[in-house]
Amino acid sequence: MMCVVLLSMTPRQVAPQGGARLVHGVVTDTTGQPLPDARVAAIGSAFTATTDARGRFILNAPRTGNIELQIRKIGFLGLTRPLRPDEGGQDDPIRLTLHATPLPLAGLVIPGERSVPLGQTVTRQSVRQVPPLGEPDVMRALPFVAGVSQPNDLLNRLHFAGASADESLILLDGHPIQSLGHLSGVIGGFNVAAVDRAELLLHHVPVTTPSRLGGTLLLETRERGAIGGEAVASMLSSGVTTSTAHRGVDVLASGRLTYLDALSRRLFGETSAARDPIPSYGDAMIRLGGELAEGRAELLSYFSRDWIGQRERGGARAISSGEGLVGARFVRERQHSRLSARASLDRMLVARASATVDPADALALDQHWASAAITYDRDLTGALAWSSLMGADSRVHRHRWSSSADLAAPELPVRFRASDRQTLLTTAHELRFTARSTTASLGALVSSTGGRAFLAPRFQVGAAGPGGTTWQFALDRRYQFDSQAGAPLDGEVPPPFFLRERPRRSDGLGVILERTSRPFASTQLHLSVTGFARTFSGRSVALAAPRDSVLRDAIEFDRRDGRAVGLSIGTTATTGGGVRLQAQYTHARTQERPADRWIPADWDAPHQLAALVSIPVPGRITLTTALQYRSGTPVTPVETAVWVPSSTSPGRLDRRLVLGAPNSARLPAYHRLDIALRRTWSPGRAQVTIALQAVNVLARENVLAYDWNQYLRQLEFGGRPRASRSATPLIPSIGLEVHW
């Protein structure tokens, strides 16, 4: 929808209010290197601050009484220390040192670590605890987060709090990207070693952060200024990530390349590889950053490429796809203000990559995104802060194909050629309030395109209570100006997005209650309860196109409403022995109204349970068990079958199926158990980890779809109906990580 970015949403308290004083400080690691993005809080109040690129912070703190500071940063041990009345002056800032976490974090969601209200944080270390599908992937870890569902576990198409899969947005260092996956979403879009953390915003998205209806996933690359590297190898690919700094310029470089296709040709020969080709992929990322004009400037480049289909003469592939992103951002902080600017160009292309392609078999999906935004934050008083944003987006989508078989979507016509253009202007303003134990924000985003303007107000309030209890409440309205023409099948080219001048809209509320306690001296327990309710208006759904060969220049969309309501209960328990349990249960209902009555949406799953248990065993080995359960997704059943005269063979009878009410039955429930073992040792100054894992270790057949004709034949002969499409089978894998 929008291509703007919030570079910091933590309220910065830099002007003292009555009864408060300013605390100046610096946060570093044990080597003296400054730590950016560390969170500093005055315990028992709502006053917080976030360190800048030099590790500096300015915090509003109560002037009287006993004050304790809490400093937290993902990947480091938390620090709590009392603050003396004479500490933290502007000329003599307090210096705080954090120690790196000696072992990887064993849970998935990190309780209490959020830079945006109602957000949920996942780290690089925690993603690696989840048994992967071949190799670690941020997107495949998110179904363990409350409010996120994944009906088809072969693809990383996720549903955020009842929204459809095309209603989520991904930002990479604040830059919007169109696709974060190889092989149509089967494999993650880049090496997880290049990621520092992921912040998932479902129930509240600040007006200065871009979003689609479902929410936003904020991906932040590896920590600025860090020096080190990592090499990884799995059964699918190998990759290298390195970060360094020299003369004030820090560099992050990461690349990954698969070798499955080359291995297949070597093991089975060129003939077998041409008959049953294995797709290949690669990606690369580089980030440059340093000080500029009293601020920090960054350049980011990301590139991915897939090759799909059989090998053709001359070495070209039948179909290639990829995405390229170039972005820049600048941040300058003053004592009472913060200025940030960003701009990016992104292109995603799917094409038949051969000079010998017959024009009658052409395929080209070309989507260009360009965006820019400026955000200004200002502290008005010690309790009030103001943010303003101005942004512009320009998008051009060009689509052409002469055979829709490559796209595998019944909503698309056989032949198509068209282009869409859209310019979207945005402006946003937000007022934030912080008292001793309460925070609140009220803002509005205005988006305009095609001579029309759309207002999206948003409100959030939260407070800290006694005994480690907190609560947060949010009301959000969001708009989305594009729509995907259908859902992709496993491993197929995904259908394109089409730009819409008349947007779809969602209105929703969310509430989170949390409590952290220590029921035993060596055990920490975190409990959370999350509720949400949403309505969706004017959702665009592509209609099935006539199956003819006529060249068309438009896709027909239907408008329908939707609604979703859910309640999640989650817990994280950590013992002194290093055992960690993280579990969440969600009861949610998602419905759509295609005509005059409500029916379950295709991704509706009333019951969802996800649990992750990590147990350290002797020998620096960690055993992780992951369990997922959910209700079967809705399906339109067959009520009966009748025999009718064949229209193609006289004297022959064909079976015709009579379908029941749409989505009135359900597929069998989904169960999956994954197991992983990780062994770590430290030769010299390096750290080596070997991981053995198995996905769907019980080899359960989880049904994605039935072929109803085959289903009836199997019943007639007394057999057990088999799925025409199944979810992830038993997949064992091995991985190697080397850190330095």
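Predicted model, so just to flag it, every value in this text is computed and none were measured.

A. Layout of the overall build of the chain. When helices and strands are tallied, the chain shows four helices and 46 strands. Here the chain, with 740 residues, has 54% of them falling under the buried criterion. Considering only residue pairs separated by 6 or more positions, the chain has 64% of its internal contacts joining residues 24 or more positions apart. Here the chain has roughly 31,500 Å² of accessible surface; of this, 58% comes from carbon and sulfur atoms.

B. The confidence of the model for the chain, seen in detail. Per-residue confidence for the chain averages 85 on the pLDDT scale, and 89% of its residues sit at or above 70. Mean pLDDT across the elements of the chain bottoms out in helix α3 (residues 260–275) (63) and peaks in strand β35 (residues 599–600) (96). Segment residues 311–316: pLDDT under 50, and 11 contacts once partners within four positions in sequence are set aside and those in other chains are kept.

C. Up close: the environment of L339. On the secondary structure map, L339 appears in strand β23 (residues 337–351). Overall, L339 belongs to the partly exposed group, its relative accessible area being 30%. Beyond its immediate stretch of four places on either side in the chain, L339 contacts F330, V331, R332, I374, T375 and Y376.

D. Helix α4 (residues 708–716), seen in detail. Buried within α4 we find W708, L712 and Q714. End-on view of α4: buried residues confined to an arc of 160 degrees, all on one side of the axis. Buried residues belonging to α4 abut β38 (634–635), β39 (638–645) and β40 (653–659). Between the side-chain oxygen at the start of α4 and the backbone nitrogen of N709 there is a gap of 3.1 Å, and the oxygen is on D707.

E. Main features of a nonpolar patch on the surface. A cluster of nonpolar residues, M235, L677, W681, I690, L692, I734 and L736, forms a patch on the protein surface that exposes about 560 Å² of accessible area. Mapped by element, the contributors of at least two residues to the nonpolar patch are β42 (670–681), β43 (687–695) and β46 (731–739). Its location among the elements puts L692 in strand β43. By relative accessible area, which is 45% here, L692 ends up partly exposed.

F. Broad picture of the packing of aromatic side chains. All told, the structure shown has nine aromatic pairs when counted by the stated rule. Ring geometry for F416 versus F498: centroids 5.8 Å apart, planes at 85 degrees, classification edge-to-face. Here the residue F416 occupies a position in strand β26 (residues 415–434), and F498 occupies one in strand β30 (residues 497–520), the gap between them amounting to 82 residues. Given the relative accessible area of 1%, F416 is considered buried. With relative accessibility at 5%, the residue F498 sits in the buried group.

G. The side chain of E592, seen in detail. Counting through the fold element by element, E592 comes out in strand β34 (residues 580–593). Note on E592: relative accessible area 7%, which makes it buried. In terms of polar contacts, E592 uses its side chain to reach the side chain of R539, at 3.0 Å. Within polar-contact distance, the side chain of E592 engages the side chain of R560 at 3.4 Å. Sequence-distant contacts of E592, that is, excluding residues within four places in its chain, are made with R539, R560, D561, G562, R597, W598, I599, A601 and W603.

H. A look at the environment of A605. Secondary-structure assignment places A605 in the loop between β35 and β36 (607–617). The sequence separation of A605 and T633 amounts to 28 residues, and the corresponding C-alpha distance is 5.7 Å. Among all residues touching A605, those that are not within four sequence positions of it are A588, R630, S631 and R666.

I. Main features of the nonpolar core. In this structure, L142, V148, L172, F190, L200, L217 and L219 are the most contacted members of the largest nonpolar core, which totals 32 residues. When contributions to this core are tallied by element, the ones reaching two or more residues are α2 (138–141), β11 (168–172), β15 (195–201), β16 (215–221), β21 (295–311) and β36. If near-sequence neighbours (up to four positions away) are discounted, F190 is found in contact with L172, L180, V195, L219, R256, D283, M285 and Y302. Counting residues in each nonpolar core, the second largest holds 19 residues, with V27, F47, A61 and I67 among its members.

J. Layout of the side chain of T449. Position of T449 relative to the elements: it lies in strand β27 (residues 438–449). With relative accessibility at 7%, the residue T449 sits in the buried group. A polar contact is formed between the side chain of T449 and the backbone oxygen of T423, at a distance of 3.0 Å. Residue contacts for T449: discarding those within four places in its chain leaves Q422, T423, L424, F454, F481 and E501.

K. Structural detail: the sheet that holds strand β12 (residues 175–177). Reading across the sheet, the five strands line up as β8-β15-β16-β11-β12 and stay open at both edges, with mixed pairing between neighbours. Of all the strands in the sheet, just β8 (120–123) and β12 have a single pairing partner and so form its edges. In this sheet, adjacent strand axes meet at a mean angle of 25 degrees when their direction is disregarded. With six bridges connecting them, β15 and β16 associate as antiparallel partners. Across the sheet, the residue bridging to E199 is L218, located in β16.

L. Layout of the sheet that holds strand β5 (residues 67–72). The strand order β3-β2-β5-β6 describes an open sheet built from four strands, whose pairing is antiparallel. The strands lining the two open edges of the sheet, one partner per strand, are β3 (48–50) and β6 (79–83). The sheet shows a mean angle of 20 degrees between the axes of neighbouring strands, direction not considered. Here β5 pairs with β6 via five bridges, running antiparallel. From the neighbouring strand, I67 faces β6, where its bridge partner is L83.

M. Seen up close, empty space enclosed by the protein. Overall, the coordinates contain 12 cavities of 30 Å³ or more when judged by the stated rule. Approximately 690 Å³ is the volume found for the largest cavity. Every residue lining the largest cavity is counted, 39 residues in all, and those nearest its centre are Q178, S179, L180, M348 and P494. For the lining of the largest cavity, the secondary structure elements donating two or more residues are β11, β13 (181–182), β21, β22 (317–333), β23 and β24 (363–379). The residue inventory of the lining of the largest cavity, partitioned by class, reads 21 nonpolar, 13 polar and five charged.

Conventions we followed
Residues numbered from 1 in each chain as written. Predicted model: local features only at pLDDT ≥ 70, side-chain atom pairs only at ≥ 80, totals over all residues. Heavy atoms only, no water. Helix = DSSP H or I, 4+ residues; strand = E, 2+ residues; numbered from the N terminus. Buried < 20%, exposed > 50% of the residue type's maximum accessible area, 1.4 Å probe, protein only. Contact = heavy atoms within 4.5 Å. Areas by Shrake-Rupley, 256 points an atom, 1.4 Å probe, with all protein chains shown as cover. pLDDT = per-residue confidence, 0-100. Arc of directions from axis to C-beta. Polar contact = N/O pair within 3.5 Å; in protein donor to acceptor, adjacent residues only side chain to side chain. Patch = residues over 30% accessible without salt bridge, like charges linked within 9 Å, V, L, I, M, F, W, Y side chains within 5 Å. Salt bridge = Lys/Arg side-chain N within 4 Å of Asp/Glu carboxyl O. Phe/Tyr/Trp six-rings, centres within 6.5 Å; stacked < 30°, edge-to-face > 60°. Core = buried A, V, L, I, M, F, W, Y, C linked by side-chain atoms within 4.5 Å. Pairing = 2+ DSSP bridges. Axes fitted to C-alpha atoms, helices over the stretch in contact; angles between N-to-C directions. 1 Å grid on protein atoms, 1.4 Å probe; cavity = no way out; pocket = protein on both sides within 12 Å on 5 of 7 lines; lining within 4 Å. Points joined across faces, edges and corners; volume = space filled by probe spheres on them. Nonpolar A, V, L, I, M, F, W, Y, C, P; charged D, E, K, R; others polar.

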